[in-house]
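# Topology and contacts: notes
So the chains spell out like this:
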Amino acid sequence: MNLFNGKILAVTLMTLLTLGIFYSYILRHYRFVVAFKHKDKTSADSLKYNQPHLTENSRTDVMTVTPWLAPVVWEGTFNQDVLDSIYKPKNISIAATVFAVGKYTMFLKNFLESAEQHFFVGFRVHMHVFTDQPNEVPKVKMAAGRQVMVHKVPSLNRWQEISARRMKQIQDLIEEKLRGNTDYIFCLDVDSKFHGRWGTESLGRLVTVVHPGYYRDDRSRFPYERRPQSRAYVAPGEGDFYYCGGAYGGLLQEVHQLTKTCNLNFEADAKDGIEAAWQEESHLNRYMWINKPSKVLSPEYLWQDFKPKNPEIRLLRFSGVIKNYADIRPNV
């Protein structure tokens, strides 16, 4: 009996040992396959770049990080090849909105053609054009994976109303058409033109651009809404930067929350007979004061053509064109 039990024990031990060896082999093989497949997703060559050094800063003439640790993006603060190699395997989809109502359709051709040359080149991009004149949208040759989508909107008699209503239309676009198929969205002014790269360095949870007219000023000079009765109110002594209403973006869900909140505040103000000083831009600045952006883009990302470049502006990426507002706005 003891001999029989001994044989059973020996067989059992041999079986367990064999299973252990087999399991160890499979585990090593599985790890190798996973590691190989993961390595295959990005090009090793694209990740070769100069070693970063914590004791060196490529820009010492400008702020490169906010007090809440959001990066401030300037030329010379990022490696575009590294960033592109991170985002391209993700196959992200980017939407951009632009409004061309009334005579503002005259800016569409330059905007769309320059965007095709500089705005997220090599990525999937859908340009959403809101206009009261769909027939005036020019045909622009787009690369594979890039498309212009036209949305008809009513004409309005006041440019202030056109500006204020954009938040609601962007909110509706996200809810009705973009959810589930778009990762990031940027909301841009049509009377502007791209001059240089605008790409993956601008991606973030909530992204905004510092206004070129006020980035050197004390915040006491910022044109915030100063009436406490308005939902766009920013009190004296408050505010970080003055941000552009003509360029902001981020993750789809974050921009949805921004536009929804700003639109609700705008409508509540309207019921009280209040229109914020700079319509959507005022509400945007209030929102960004309370909800800090995760990335701040320098004025390179929305300059003004009539302004000479300051020394810290090493590369002009996007800029408002020179125009006569009396000729293009329904009211001045």
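Our subject is the structure listed above.
Residues numbered from 1 in each chain as written. Predicted model: local features only at pLDDT ≥ 70, side-chain atom pairs only at ≥ 80, totals over all residues. Heavy atoms only, no water.

A word on helix H2 (residues 80-87). Those residues of H2 that fall on the buried side of the exposure criterion are Val82, Leu83, Asp84, Ser85 and Tyr87. Looking at the packing, one finds that the buried side of H2 touches strand E5 (184-188). Taking the backbone nitrogen of Asp81 as reference, a side-chain oxygen 3.0 Å away marks Asn79 as the first, capping residue of H2. (Buried < 20%, exposed > 50% of the residue type's maximum accessible area, 1.4 Å probe, protein only. Helix = DSSP H or I, 4+ residues; strand = E, 2+ residues; numbered from the N terminus. Contact = heavy atoms within 4.5 Å. Polar contact = N/O pair within 3.5 Å; in protein donor to acceptor, adjacent residues only side chain to side chain.)

Any two aromatic rings considered together are summarised by their centre-to-centre distance and by the angle between their planes. Per the stated rule, a full pass over the model turns up 22 aromatic pairs. For the ring pair Phe222 and Tyr242, a centre distance of 6.3 Å and an interplane angle of 50 degrees mean the geometry is tilted. One end of the pair, Phe222, is in the loop between strand E7 (206-210) and strand E8 (243-251); the other, Tyr242, is in the loop between E7 and E8, and 20 residues separate them in sequence. Classification of Phe222 as buried rests on a relative accessible area of 6%. Each residue in the set Phe111, Phe119, Phe120, Phe123, Phe186, Phe194, Trp198, Tyr301 and Phe318 is aromatic and connected to the rest through ring pairs, giving one cluster. Over the face of the ring belonging to Trp68 we find Lys292, whose NZ or CZ atom lies 5.2 Å from the ring centre. (Phe/Tyr/Trp six-rings, centres within 6.5 Å; stacked < 30°, edge-to-face > 60°. Lys NZ or Arg CZ within 6 Å of the ring centre and 35° of its normal.)

Pairing within the open sheet is mixed, and its 3 strands lie in the order E6-E11-E10. Only two strands of the sheet have a single partner each, and these edge strands are strand E6 (192-194) and strand E10 (303-304). Two elements, E6 and strand E11 (residues 318-320), share 3 bridges in a ladder whose sense is antiparallel. When the sheet's bridge partners are listed, Ser192 is paired in E11 with Gly320. Along the sheet face, helix H3 (residues 108-118) touches E6 and E11 and points at about 25 degrees away from the line of E6. (Pairing = 2+ DSSP bridges. Axes fitted to C-alpha atoms, helices over the stretch in contact; angles between N-to-C directions.)

Tallying each qualifying case throughout the model produces 2 cavities of 30 Å³ or more. In this structure, the largest cavity encloses a volume near 50 Å³. Taken together, Thr97, Phe99, Arg166, Ile170, Cys187, Leu188, Asp189, Gly245, Gly246, Tyr248 and Glu280 make up the lining of the largest cavity. Elements with a contribution of two residues or more to the lining of the largest cavity: strand E2 (93-100), helix H4 (159-178), E5 and E8. At 3 residues, the largest contribution of residues to the lining of the largest cavity is made by E8. Within the lining of the largest cavity, the residues separate by chemical class into 5 nonpolar, 3 polar and 3 charged. (1 Å grid on protein atoms, 1.4 Å probe; cavity = no way out; pocket = protein on both sides within 12 Å on 5 of 7 lines; lining within 4 Å. Points joined across faces, edges and corners; volume = space filled by probe spheres on them. Nonpolar A, V, L, I, M, F, W, Y, C, P; charged D, E, K, R; others polar.)

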